[in-house]
Amino acid sequence: MTIFDFTKNPTMKQWKVVDDVVMGGKSAGSFQLDPKGFGVFSGTISLENNGGFSSVRYDFPSKEIKNFTYISLRVRGKPSRYQLRLKTNTEDRHAYIHYFEIDENWKTVLLKISDFYPTFRGKRLDMPNFSEATLEQVAFLLANKKQESFRLEIKNIHLGSY
């Protein structure tokens, strides 16, 4: 099942950047469509004013995902450690996260859905890992506790099963 494919659905309308400026920080992220058919999440992370993160979120009508076991990302970019975040309800305060790393070459990253663990504001919660039947949001976040520039290029996001 496709969550989003930039080569087939190049609208950016449902994607939203959220930086630490919502809490007084000074990080700056942007999200744009490259004419070659991929999304580009890029910017700078600043630790000033207790900042340190930038994210881009994609909200969509609830999708039934109980028959899928992994999320597949086709990504490349400036080498760093990124988070993929899942929400079953966009109104939830917590998200389920999984880290992945990239380099300059396109690669397919497979993340087991049951390995996503719950967090809120960077703290792991005492709740079970992701085991929900629906999904309403995916997000990419960079928050490595260091000042850095970043660039994550995304071709597509799919669900699959082993």
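As the structure is a prediction and not an experimental result, all values here were calculated from the model.

Visitor: Sorry if this is basic, but what is going on with the overall build of the chain here?
Guide: Counting its regular elements, the chain contains zero helices and 13 strands. Along its sequence from the N terminus, the chain presents helices and strands in the succession β-β-β-β-β-β-β-β-β-β-β-β-β. Its C-alpha atoms give the chain a radius of gyration of 15 Å, within 12% of the compact-globule value 15 Å for 162 residues. Sorting the 162 residues of the chain into buried and exposed places 48% on the buried side. Intrachain contacts of the chain at a sequence separation of at least 6 include 71% that bridge at least 24 residues. For the chain, the accessible area works out to roughly 8500 Å², and carbon and sulfur atoms hold 46% of it. Here the chain contributes 24 positive and 18 negative side-chain charges, whose respective centroids are spaced 2 Å apart.

Visitor: Quick question: what am I supposed to make of the sheet that holds strand S2 (residues 15–19) here?
Guide: If you walk across this open sheet you meet the seven strands as S2-S5-S12-S7-S8-S10-S11, and the pairing is antiparallel. Looking along the sheet, the strands with just one partner apiece sit at the ends: S2 and strand S11 (123–124). The sheet contact formed by strand S7 (residues 80–87) and strand S12 (residues 134–142) spans five bridges and is antiparallel. Paired with Leu 86 across the strands is Val 138, a residue of S12.

Visitor: I'm lost on unusual backbone geometry in this one. Help?
Guide: The phi torsion of most residues other than glycine is negative, and most of the peptide bonds are trans. Positive phi values are uncommon outside glycine, yet Asn 50 reaches one of about 60°. Position of Asn 50 among the secondary structure elements: in the loop between strand S4 (38–45) and strand S5 (54–64). Here Asn 50 falls in the exposed class, since its relative accessible area comes to 75%. Phi is positive for Arg 121, close to 50°, though the residue is something other than glycine.

Visitor: Before we go on, may I ask you to explain the pattern of salt bridges in this structure?
Guide: Side chains carrying opposite charge are able to pair once their charged atoms draw close together. One pass over the structure, following the stated rule, counts three salt bridges. Where Arg 76 meets Glu 153, a salt bridge forms, and the shortest distance between an N and an O atom there is 2.5 Å. Within this pair, whereas Arg 76 is found in strand S6 (residues 70–77), its partner Glu 153 is found in strand S13 (residues 148–160), the two being separated by 77 residues in sequence. Judged by relative accessible area, Glu 153 falls into the buried class, the value being 6%. Glu 153 is paired through a salt bridge with Arg 151; the nearest N and O atoms lie 2.7 Å apart. Through salt bridges with shared partners, a single network forms among Arg 76, Arg 151 and Glu 153.

Visitor: Hey, could you run me through the pairing of S13 in this one?
Guide: The side chains of a regular strand alternate, residue by residue, between the two faces of the sheet. When strand S1 (residues 2–5) meets S13, the two strands line up antiparallel, connected through three bridges. Within S13, the residue paired with Phe 4 across the bridge is Ile 157. Pairing geometry for S4 and S13, over seven bridges, is antiparallel. Within the sheet, the bridge partner assigned to Phe 41 lies in S13 and is Leu 152. As judged from the eight bridges shared by S6 and S13, these two strands associate in the antiparallel manner. What sits directly across from Arg 74, in S13, is Asn 156.

Visitor: I'm lost on the pairing of strand S8 (residues 95–102) in this one. Help?
Guide: Buried residues dominate S8, accounting for six of its eight residues. Here S7 pairs with S8 via seven bridges, running antiparallel. Paired with Arg 81 across the bridge in S8 is Glu 101. Of the strand pairs in this sheet, S8 and strand S10 (residues 117–120) are connected by three bridges, and their pairing is antiparallel. Bridge pairing in S10 places Tyr 96 opposite Pro 118.

Conventions and cut-offs
- Residues numbered from 1 in each chain as written.
- Predicted model: local features only at pLDDT ≥ 70, side-chain atom pairs only at ≥ 80, totals over all residues.
- Heavy atoms only, no water.
- Helix = DSSP H or I, 4+ residues; strand = E, 2+ residues; numbered from the N terminus.
- Rg over C-alpha atoms; globule rule 2.2 N^0.38 Å.
- Buried < 20%, exposed > 50% of the residue type's maximum accessible area, 1.4 Å probe, protein only.
- Contact = heavy atoms within 4.5 Å.
- Areas by Shrake-Rupley, 256 points an atom, 1.4 Å probe, with all protein chains shown as cover.
- Lys, Arg positive; Asp, Glu negative; His and termini not counted.
- Charge placed at Lys NZ, Arg CZ, Asp CG, Glu CD.
- Pairing = 2+ DSSP bridges.
- Salt bridge = Lys/Arg side-chain N within 4 Å of Asp/Glu carboxyl O.

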